[in-house]
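This is what each chain is made of:
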Amino acid sequence: MKHLYGYFTDEQMDGYKTKLHKDVFWLLIYKDPNKINDFPDVDYEKYFEGLMLKINGLSELLSYPIEIVEMMSVLEAALLETRKENFNFKTYRKLIFDAHSLVDKIGG
């Protein structure tokens with residue numbers, strides 16, 4: 001896959017997508033009402049924002065493909081959901097799963 005400074009091999013992209021899947025999935029685990037007390041030392045907002053910065057870097061490297069733009073939008077909606085007074089985990093979970101599925105679409 002062509003990027004700003006050259007090319008990523010298919011193996012590199014597959015490896016990165018696997019890592020990105022895991023990173024996105026942790027967003028779900030960290031907010032799961034049944035597991036939230038299992039991670040008292042995790043700064044959820046910092047983790048979320050760090051992940052968004054990394055995805056934004058990938059987006060710039062790949063010249064802003066629509067799949068990453070859409071994924072960033074969905075993740076931002078999920079983050080906004082967590083900040084609501086009446087946070088709805090089902091809505092949040094759906095958004096995270098939607099973002100998770102967009103990872104596979106990066107690069108066609």
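To be clear, the structure that these remarks concern was listed above.
I will try to describe carefully the structure that is included in this document. None of the values given here were measured: they were computed from a predicted structure. Once a new chain begins, its residue numbering starts again from 1 and follows that chain's sequence as written. At least 70 in pLDDT is required for a residue's local features to be given in this predicted model, at least 80 for side-chain atom pairs to be given and counted, and no such filter applies to totals for whole chains, interfaces and linings, which use all residues. The side-chain figures draw on all heavy atoms in the structure; neither hydrogens nor water molecules are used.

Structural notes on the pattern of salt bridges
Move 1: Any Lys or Arg side-chain nitrogen located within 4 Å of an Asp or Glu carboxyl oxygen qualifies as a salt bridge. The final tally for this structure, using the stated rule, is 5 salt bridges.
Move 2: Residues Lys19 and Asp23 are paired through a salt bridge, measuring 2.7 Å at the closest nitrogen-oxygen approach. You can see Lys19 and its partner Asp23 sitting in helix 1 (residues 10–31), 4 residues apart, about one turn around the helix.
Move 3: A salt bridge links Arg83 to Glu49, with the nearest nitrogen and oxygen atoms 3.3 Å apart. In this pair, Arg83 is assigned in the loop between helix 3 (66–82) and helix 4 (89–103) and Glu49 in helix 2 (residues 44–61), connecting sequence segments 34 residues apart.
Move 4: Accessibility expressed as a relative area gives 44% for Arg83, which makes it partly exposed.
Move 5: The structure contains a network of salt bridges with shared partners spanning Glu45, Glu49 and Arg83. Runs of H or I in DSSP of at least four residues are treated as helices and runs of E of at least two as strands, each being numbered from the N terminus. Exposed residues in this analysis have more than 50% of their type's maximum accessible area, buried residues have under 20%, and partly exposed residues fall in between, with area computed by a 1.4 Å probe over protein chains only.

Considerations on the environment of Leu61
Move 1: When you line up the elements, Leu61 lands in helix 2.
Move 2: Residue Leu61 is classed as partly exposed on the basis of its relative accessible area of 24%.
Move 3: Along the sequence, Leu61 and Tyr16 sit 45 residues apart, while their C-alpha atoms lie 13 Å from each other.
Move 4: By definition, residues are in contact when any of their heavy atoms lie within 4.5 Å. In contact with Leu61, not counting residues within four places along its chain, are His3, Leu4, Tyr5 and Phe8.

Interpretation in functional terms is not warranted from these geometric data alone.
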